[in-house]
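# Structure at a glance
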Amino acid sequence: MSDALITLTTDFGQASPYVAALKGAILGVNPLVRILDLSHDIPAQDFRAASFFLASAIPYFPAGPIHVVVVDPGVGTDRALLYVEAGQHRLLAPDNGCWTELARHLDAPPRVIRLNEPGYWRGPLSATFHGRDILAPVAAWLSLNLDPDRLGPRTTEWVDLRMPAPELKPDYLKGEVVFVDRFGNLITNIPGQALASLAGSTLHVLVGNHHVSQVARAYGDAPPGTLIALVSSGGTLEVAVTQGNAARRLGVGVGERVEVRTTD
Amino acid sequence: MSDALITLTTDFGQASPYVAALKGAILGVNPLVRILDLSHDIPAQDFRAASFFLASAIPYFPAGPIHVVVVDPGVGTDRALLYVEAGQHRLLAPDNGCWTELARHLDAPPRVIRLNEPGYWRGPLSATFHGRDILAPVAAWLSLNLDPDRLGPRTTEWVDLRMPAPELKPDYLKGEVVFVDRFGNLITNIPGQALASLAGSTLHVLVGNHHVSQVARAYGDAPPGTLIALVSSGGTLEVAVTQGNAARRLGVGVGERVEVRTTD
Amino acid sequence: MSDALITLTTDFGQASPYVAALKGAILGVNPLVRILDLSHDIPAQDFRAASFFLASAIPYFPAGPIHVVVVDPGVGTDRALLYVEAGQHRLLAPDNGCWTELARHLDAPPRVIRLNEPGYWRGPLSATFHGRDILAPVAAWLSLNLDPDRLGPRTTEWVDLRMPAPELKPDYLKGEVVFVDRFGNLITNIPGQALASLAGSTLHVLVGNHHVSQVARAYGDAPPGTLIALVSSGGTLEVAVTQGNAARRLGVGVGERVEVRTTD
């Protein structure tokens, strides 16, 4: 049993044999590595959702794991596959920008390698499943302490996926819903600090045209059924219904406009 | 790689980054601990469902694992977080009673500690995700053999969640559906022993107003499509359709009344 | 921590306590074994789907793991439970043929043992959950290097599940959809080699009555929205929509007829 750890983030769903094939291909190279599922339910082919997911989850990990990300609508085209060191985090992912939001908030510039050394791949290479045939075996080789520079040349060019930026003024904040969780909570891209900088004023929060009743610290601060705004566990403005489902109540989803105004 | 094992039971769903953040926060304290998913699909904020889940599943585990349970509608209020030793089982859970049904059937009284020592928590503490910021790091510290008494004071007060009790008479049993599994099998709270004590009599089982055709030992004892009553793998009365879906057939769910009568 | 690894493939779904009970029962015998989820979302009681899953996924695994398969509509009848060595792969599964398609493509004949030695089972035995009471503890014993011959007698009789065979003529191929993945890709049972043998001719691919626009090598070879035929990552003919969902577009599912004709 090895100490090395490989995590998996995909859009394969739970029902397909693709997740299992990925795990088999990893173990085929390093039978002793630990494998940890992060999610296999990233929306299909949605590398923007993968970007939010990685930026939200990976910062909580220590150095060490190799994070394999397979959300890859461009599989079989000439899009590159990358090995990335972003701060202390190591990822393997298609070059579709799914990791750049995570890296943007770190001090050091990322170190990026373009995978082009088929000696560490599985053959014969399929045209539709590079996760299994390239990323999985490469992750396993890395878990055996392969020097990443053996995987291909360093590069300073990659797809930089810009997530929608909020508009932050002294008395007005505007952003959008970037994720809806299972509880129907609406996670936005408006930083909690921007909200805090308005403290002292009376805040009006709007989701689309819906007025949010109350700004709160935690779900339990308002009676059940209240529509509240609070700072999410990820540090951004969140709109929720205490013991209820805000997405369903308001009939909104990812992309919905969110505004904060003051009356002072 | 450590021998220690942490299991996870949450209502986060498979798609959110919360499960991954929880795993990251655990590994941040103990990078070598093993992590095992039990379920992330407990119905949202439903600690009664969590109670059934834990009472059904945890008894099959040996001593050793630390079972982390995050079904926590009260997060951010002053509800406590608890470390519990229930028989040989060790759990970390919000004080909403989700573990008391499990403990009720064990010989020894539970040993309960109220977590109040922030030295073992993750900072800064969010108001909405104590699973990640408190339970995850505390579990990891326990996996490193931290003495539980370091986590806070022992307590003899906690929320005791009483599950609905069946009515058991010599010739009449009344209970309810407490879980519907993926096969549509209706799991009730009527003990199999109570059913056995009626053996010799002809039994009539009713789900709501639906008469169950047959009392059987196993699914395969009746032709496909038959509505049968049997003793579930958890030891309680179950109503099923052989190679079919009883919940769909009868249009019933959790909470539906179930009765057993004799004609002798 | 042990090097041994047990994988799990079930139709229990993610929400039930059955998966957790299975894991607990394994750890009850070998607390140090590694457990790896392959899928718990095989369609309920669908051992044909399990057959496709295993044949698609298990070949990517190295020798070593014990693959536990619990898709078991016959539980509690006198159907046998089997230990199977198929090539380098070791499985524990009900005798419903779910493993025979996997074994058919291997060189050596399978070695099969019928489990009848209750000394390695969990007691008391339930009538409805042999996965937990028999397969889980037996897998754990095997992970402790128990000689499989201790589990019961060798047998040469088992249920052989024949998957639907495609019709392969020099200028005409006919098969069917055997799996629809989360992307809506239609995976068929027509071998990619059969398709390759028609190369040079102009190919016409039909799904039901729908004409497929183009034969491609990878998803990205056609503009978004194009209905294409290609060779799947499993080596069979697949019908997909570039950056879209073929199953939804065509309104078809498992069992739909697929034909390939040439015009030369």
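Here, every reference points to the structure presented above.
The text that follows walks through the structure, step by step, so that each part is easy to find. (Residues numbered from 1 in each chain as written. Chains lettered and ligands numbered in written order. Predicted model: local features only at pLDDT ≥ 70, side-chain atom pairs only at ≥ 80, totals over all residues. Heavy atoms only, no water.)

## Structural notes on the relation of the copies chain C and chain A
Short version of the rule: For the least-squares superposition of copies, only C-alpha atoms count, and only for residues with pLDDT at least 70 in both.
Once turned by 120° and shifted 0.0 Å along the axis, chain C lies on chain A with an RMSD of 0.0 Å. Within this description, the copies of the chain are treated as partners about a three-fold rotation axis.

## Quick look at helix α1 (residues 18-29) of chain A
An α-helical segment advances 3.6 residues per turn. Residues three or four places apart therefore align on the same side. Basically, it comes down to this: Where helices and strands are cited, they refer to DSSP runs of H or I of at least four residues and of E of at least two residues respectively, numbered from the N terminus. Multiplying 1.5 Å by the helix residue count minus one yields the expected span of that helix. Accessibility here uses a 1.4 Å probe with only protein chains present; expressed as a share of the type maximum, an area under 20% marks a residue as buried, one over 50% as exposed, and anything in between as partly exposed.
Here α1 of chain A contains twelve residues, and its C-alpha end-to-end distance of 17 Å stays within 8% of the 16 Å for a straight helix at 1.5 Å per residue. A large share of α1 of chain A lies buried, amounting to ten of its twelve residues.

## A closer look at the packing of helix α1 (residues 18-29) of chain C against helix α4 (residues 130-143) of chain C
Residues and elements named next belong to chain C. Rules: Interaxial angle, 0 to 180 degrees, is taken between N-to-C directions of lines fitted to C-alpha atoms, where a helix line uses only the stretch in contact. Roughly parallel here means an angle under 35 degrees, roughly antiparallel means over 145, roughly perpendicular means 65 to 115, and every remaining angle is called oblique. Each crossing is labelled by how the near helix is turned from the far one, with a counterclockwise turn of less than a right angle marking it left-handed and a clockwise turn marking it right-handed. Every residue pair with non-hydrogen atoms within 4.5 Å of one another is taken to be in contact.
Remark: α1 packs on α4, axes separated minimally by 8 Å, with the N-to-C direction vectors making an angle of 40°. Considering the angle they form, α1 stands oblique to α4. Read as a crossing pair, α1 and α4 show a hand that is right-handed. Facing α1, whose interface residues are Ala21, Leu22, Ala25, Ile26 and Val29, α4 presents Gly131, Arg132, Ala136, Pro137, Ala140 and Trp141.

## Overview of the interface of chain B and chain C
Applied cut-off: Throughout, buried area stands for the accessible area (probe radius 1.4 Å) lost by two parts on being put together, summed over both. The term salt bridge refers to a pairing of a side-chain nitrogen on Lys or Arg with a carboxyl oxygen on Asp or Glu at a separation within 4 Å. Between N or O atoms, a polar contact is any pair within 3.5 Å; within protein, one atom must be a potential hydrogen donor and the other a potential acceptor, and residues adjacent in sequence are included only when both atoms are from side chains. Under this grouping Gly is polar, as are all residues other than the nonpolar Ala, Val, Leu, Ile, Met, Phe, Trp, Tyr, Cys and Pro and the charged Asp, Glu, Lys and Arg.
Each partner contributes residues to the interface: chain B has 35 residues there, and chain C has 35 residues. Taking both partners together, chain B and chain C bury about 2800 Å²; carbon and sulfur atoms supply 61% of that area. Interface area lost by chain B to chain C is led by Tyr60, Arg182 and Phe183 of chain B, which between them contribute 26%. Seen at the junction of chain B and chain C, the total is zero salt bridges. Our count for the chain B to chain C interface comes out at 13 residue pairs in polar contact (both at pLDDT 80 or more). Looking at the side of chain B that touches chain C, the elements that each hand over two or more residues are β2 (34-39), α2 (47-57) and β14 (227-231) of chain B. Broken down by element, the residue count for the side of chain B that touches chain C peaks at five residues, all from β2 of chain B. Its residues placed into classes, the side of chain B that touches chain C shows 17 nonpolar, ten polar and eight charged.

## Some words on the packing of aromatic side chains
Residue and element names in this part refer to chain A. Keep this limit in mind: Ring geometry is summarised as follows: Phe, Tyr and Trp rings, the Trp one being its six-membered ring, pair when their centres sit within 6.5 Å, and such pairs are stacked at plane angles under 30 degrees, edge-to-face over 60 and tilted between the two.
Summed over all chains, the structure comprises 18 aromatic pairs over all chains. Arranged with centres 5.4 Å apart and planes meeting at 55°, the rings of Trp99 and Trp158 form a pair that is tilted. In this pair, Trp99 is assigned in the loop between β5 (89-94) and α3 (100-104) and Trp158 in the loop between β7 (154-155) and β8 (167-169), connecting sequence segments 59 residues apart. On the accessibility criterion, Trp158 (26% relative accessible area) is partly exposed. Taken together, Phe12, Tyr18 and Phe129 form an aromatic cluster joined through their ring pairs.

## Here we look at the pairing of strand β15 (residues 236-241) of chain B
Residues and elements named next belong to chain B. To be explicit about the condition: If DSSP finds at least two bridges between two strands, the strands pair.
Among the six residues that make up β15, six are buried, leaving the element largely enclosed by the rest of the structure. Pairing between strand β10 (residues 186-191) and β15: three bridges, direction antiparallel. What sits directly across from Ile187, in β15, is Glu238. What sits between the antiparallel neighbours β14 and β15 is a turn of four residues, in which Gly235 has the positive phi angle 95°.

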